[in-house]
Every structure is written in C-alpha cells, then in structure tokens.
Amino acid sequence: QVQLVESGGGLVQAGDSLRLSCAASGGTFSSYAMGWFRQAPGKERESVVRVSRGGTIYYVDSVKGRFTISRDNAKNTVYLQMNSLKPEDTAVYYCAARARLGYFAYRDESDYDYWGQGTQVTVSS
C-alpha cells in the first residue's frame, strides 16, 4: 500500500514562497505519474501540475512561471516550489500518485490511485 504524506504548507503573505513536499512510501515511486491538486473553499479540486512517469510536465495556466514541480526518486519525494504566491492560491494542496500503467501526465482525479492527506496553504493579501 502506497502512502503519501504532504508537508510544507502554512500561512504566508502575498509574494512569498513556499515549498511543499510529498513523501511516498510503500511502492515503486520512480515509476509513478504524480500530480499536485488543490481545493479552495467552495470550489472543486483542480489539477495544479502533473508529471508523467517519463518526466513530461504540465502546469495549469494560473501557476505557470510561479510554481515548479520536481521529484527526487532517491528520496521518494516530489516537491512543489511555489513562488510569488497570491491570495487566490489559498487552498488545501494534495499530492497524488498513479501506480497503474500509463505514460501520460494525467489531469483527472480518477486517474490517480493514491492521495495524501493534504496541506493547507493560506496566502494573505
């Protein structure tokens, strides 16, 4: 059973940076497609960034140029560096892993098999 544990959230001011971490255990991390999603109050969960098992990356338009995903397979960890944070980035951020065979960077929640518990990011204006 794969477990994902996020960390790194917090309360920051607009323009600040945060780095989220998602540590995986119990599986073959290097073969997984990974994604970061977020859910703001009253809104549906949305894909923020996704990376295929081969390393192809897609960002949602609203975070392009500000957020960067990276992964360290030796540490079984994926990171989300968030710069120039805005109040509209406030949400609970989740990482997700896809263990099923597939070569794409998946956008839909249903494409992922494992989820972390989420970490709150709050950006004040």
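Heads up: the structure comes first, above all this text.
Quick look at the structure, then. (Residues numbered from 1 in each chain as written. Predicted model: local features only at pLDDT ≥ 70, side-chain atom pairs only at ≥ 80, totals over all residues. Heavy atoms only, no water.)

With respect to the state of the cysteines
Move 1: If you walk through the whole model with that rule in mind, you get one disulfide.
Move 2: C22 shares a disulfide with C95; S-S distance 1.9 Å. Classification of the bridge connecting C22 and C95 rests on its S-S torsion, roughly 50°, and on that basis the disulfide is right-handed. Note that C22 is positioned in strand β3 (residues 18-25) and C95 in strand β9 (residues 91-98), a separation of 73 residues in sequence.
Move 3: When its relative accessible area of 0% is taken as the criterion, C95 is described as buried. (Disulfide = S-S within 2.5 Å. Helix = DSSP H or I, 4+ residues; strand = E, 2+ residues; numbered from the N terminus. Buried < 20%, exposed > 50% of the residue type's maximum accessible area, 1.4 Å probe, protein only.)

Re the sheet that holds strand β8 (residues 77-82)
Move 1: Spatially, four strands are ordered β1-β3-β8-β7 in an open sheet, and the strand pairing comes out antiparallel. Both outer strands of the open sheet, β1 (3-7) and β7 (67-72), are each paired with one neighbouring strand and no more. Across this sheet, the average inter-strand angle for adjacent strands is 15°, counted without regard to direction.
Move 2: Sheet analysis places β3 next to β8, joined by six bridges and oriented antiparallel. Considered in β8, the bridge of R19 is made with Q81. (Pairing = 2+ DSSP bridges. Axes fitted to C-alpha atoms, helices over the stretch in contact; angles between N-to-C directions.)

Thoughts on the packing of aromatic side chains
Move 1: On inspection of all chains with the given rule, the structure shows four aromatic pairs.
Move 2: Between F37 and Y112, the aromatic rings sit 5.4 Å apart at their centres with planes inclined by 85°, giving edge-to-face as the arrangement. One end of the pair, F37, is in strand β4 (residues 33-39); the other, Y112, is in the loop between β9 and β10 (114-115), and 75 residues separate them in sequence. Each member of the pair, F37 together with Y112, is buried. (Phe/Tyr/Trp six-rings, centres within 6.5 Å; stacked < 30°, edge-to-face > 60°.)

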